[in-house]
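# Observations on chain architecture
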Amino acid sequence: DVVDDLFSTFGREYTAARVERDEKMGDLRAEAQESGDFQIFMEDMPKIDKKFNTEVDRLRDRFFEDLRLLLTADQDARWADLERTRRRVESIGAGTLSGESVDLISIVDDLEAPGEVEADLEPTLDRYESDLDRALEKRERLRADSGEGMGPGRVDIEAMEETMGEVREASAEVRDVNQRYARQISGMLPTELAERFDEAVQRASFPSVYRETYTSQVLGTAMEFDDLDADQRAQLERLMGEYRAALDRANDEWAEAIAANEENQRTAILTGPGGNPMTL
């Protein structure tokens, strides 16, 4: 009950901070449009964002500090595990490389493997979360540091390119941790579960590739017609099988091409002047 109250308070204060931010942004936008001087907007917008993000960080930190005060000694001994899990859940999705945003623990959970399989995987998953946490912390620290000294008219291109390279290397470390442990976990699973796991990892690594296509939707809808005769249904099933096989081959080639092309790209997520993520 106390935690629920703490979280409700956090929610109200977060909403109030968000409303204040939106009102200030609206006033600033109106002022820039009325005066025609959009330099004002560019200079003051990061300040408003930074103030909001700082306040949200303060509210979140206070919530967790208050939460920790409620714990028993046994619960508090597991606090580091909670923080590690929280960092994974909050930051794993902010990747730029294929496979960087994959959460292997979530994928294993979705498998709903038998208890003995889960027990066998537990030490490996613990090591995975620890290694992943170190890589994620490094990536997020470099991203946060990238916003220092950046602002309107104050952009050092050479320094930014150097920072982008460092962040990109950190992103590759996160991806490599995922790939290394994905191979280990797959090798520990029974054949049927391993196939499902590998497919889920591939889909999570290349979400833009392995998505349902319009053709799949059309064929699936046709298969649901209740007035199909046996011959029509057989032809549709054959067509669906042929399409799926061809699509799988094309998607695998596409995924390989994306992974190869990423080695030559220079994309990275940095922290902008207001503290918000900025993809370059």
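Heads up: these notes are all about the structure in this document. Note that the structure is predicted; figures quoted are calculated from it, not measured. Throughout, a residue's number is its position along its own chain's written sequence, starting from 1. The predicted nature of this model means local features are confined to residues of pLDDT at least 70 and side-chain atom pairs, given and counted, to a pLDDT of 80 or more, with totals for whole chains, interfaces and linings taken over all residues. To get the side-chain values, all heavy atoms of the structure are used, and hydrogens and water are removed first.

Turning our attention to the overall build of the chain. Secondary structure elements follow DSSP: runs of H or I no shorter than four residues count as helices, runs of E no shorter than two count as strands, and numbering proceeds from the N terminus. Of the regular secondary structure elements, the chain holds 10 helices and two strands. When the helices and strands of the chain are listed from N to C terminus, the series reads α-α-α-α-α-α-α-α-α-α-β-β. Only the C-alpha atoms count toward the radius of gyration. The rule for a globule is 2.2 Å times the residue count to the power 0.38. Rg of the C-alpha trace for the chain: 24 Å, well past the compact-globule value of 19 Å for 280 residues, more than 25% over. Dimensions of the chain, computed from the C-alpha atoms along their principal axes, are close to 70 × 55 × 45 Å.

With that settled, consider helix 8 (residues 191-205). A helix's residues, less one, multiplied by 1.5 Å, set its expected span. Look at helix 8: 21 Å from first C-alpha to last across 15 residues, which is about the 21 Å you get at 1.5 Å a residue. Looking only at helix 8, the buried set comprises Leu193, Ala194, Phe197, Val201 and Ser205. Angularly, the buried residues of helix 8 cover 100 degrees about the axis, an arc narrow enough to put them on a single face. Opposite the packed face of helix 8, turned more than 90 degrees from it, sit the exposed residues Thr191 and Glu195. The secondary structure elements touched by the buried residues of helix 8 are helix 5 (104-111) and helix 7 (157-188). Residue burial is assigned from relative accessible area. The probe radius is 1.4 Å, only protein chains are included, and a residue is buried under 20% of its type maximum, exposed over 50%, and partly exposed in between. To obtain the arc, one takes the directions from the helix axis to the C-beta atoms. In what follows, residue pairs with any heavy atoms lying within 4.5 Å of each other are defined as contacts.

Between 30 and 60 degrees the pair is tilted, below 30 it is stacked and above 60 it is edge-to-face, where a pair is any two Phe, Tyr or Trp rings, Trp via its six-membered ring, whose centres lie within 6.5 Å. Summed over all chains, the structure comprises eight aromatic pairs. Aromatic side chains Phe7 and Phe10 sit 6.0 Å apart centroid to centroid with 25 degrees between the ring planes, which places their arrangement in the stacked category. Taken together, the residues span about one helical turn, with Phe7 and Phe10 both in helix 1 (residues 2-35) at a distance of three residues. Measuring from centroid to centroid gives 6.2 Å for Phe10 and Phe63, while their planes differ by 45 degrees, and the two rings are tilted. Within this pair, whereas Phe10 is found in helix 1, its partner Phe63 is found in helix 2 (residues 38-69), the two being separated by 53 residues in sequence. For Phe10, a relative accessible area of 18% translates into the label buried. A residue is classified by how much of its surface remains accessible, and Phe63, at 13% relative accessible area, is buried. Three or more aromatic residues link up through ring pairs in this structure, and these residues are Phe7, Phe10, Tyr14, Phe52, Phe63, Phe64 and Trp79. Here the basic side chain of Arg21 rests over the ring of Phe52, its NZ or CZ set 5.8 Å away from the ring centre. Here the basic side chain of Arg86 rests over the ring of Phe64, its NZ or CZ set 4.0 Å away from the ring centre. We count a charge as sitting over a ring when the NZ of a lysine or the CZ of an arginine lies within 6 Å of the ring centre and within 35 degrees of the ring normal.

Here we come to the layout of surface pockets. Where empty space is left in the structure can be found by rolling a water-sized probe over the atoms. A 1.4 Å probe that fits but cannot get out identifies a cavity on a 1 Å grid over protein atoms alone, an open set with protein on both sides within 12 Å along at least five of seven lines counts as a pocket, and a residue lines either if it has an atom within 4 Å of a point. Grid points are joined across faces, edges and corners, and a volume is the space filled by probe spheres set on the points. Its boundaries defined by the atoms lining it, the second largest pocket holds a volume of some 300 Å³. Together, 18 residues line the second largest pocket, and Gln179, Val201, Gln202, Ser205 and Phe206 are the ones closest to its centre. Broken down by secondary-structure element, the contributors of at least two residues to the lining of the second largest pocket are helix 7, helix 8 and helix 10 (230-262). Along the lines of polarity and charge, the residues of the lining of the second largest pocket split into seven nonpolar, six polar and five charged. Gly is put with the polar residues, along with every residue not named as nonpolar or charged; the nonpolar set is Ala, Val, Leu, Ile, Met, Phe, Trp, Tyr, Cys and Pro, and the charged set is Asp, Glu, Lys and Arg.

Whenever Lys or Arg places a side-chain nitrogen within 4 Å of a carboxyl oxygen from Asp or Glu, that contact is recorded as a salt bridge. Going through the model one piece at a time under the given rule, you end up with 30 salt bridges. Where Glu100 meets Arg139, a salt bridge forms, and the shortest distance between an N and an O atom there is 2.6 Å. One end of the pair, Glu100, is in the loop between helix 4 (79-91) and helix 5; the other, Arg139, is in helix 6 (residues 115-145), with 39 residues separating them in the sequence. Here Glu100 falls in the buried class, since its relative accessible area comes to 0%. Among the salt bridges present, the one from Asp131 reaches Arg134, with a minimum N-O distance of 2.3 Å.

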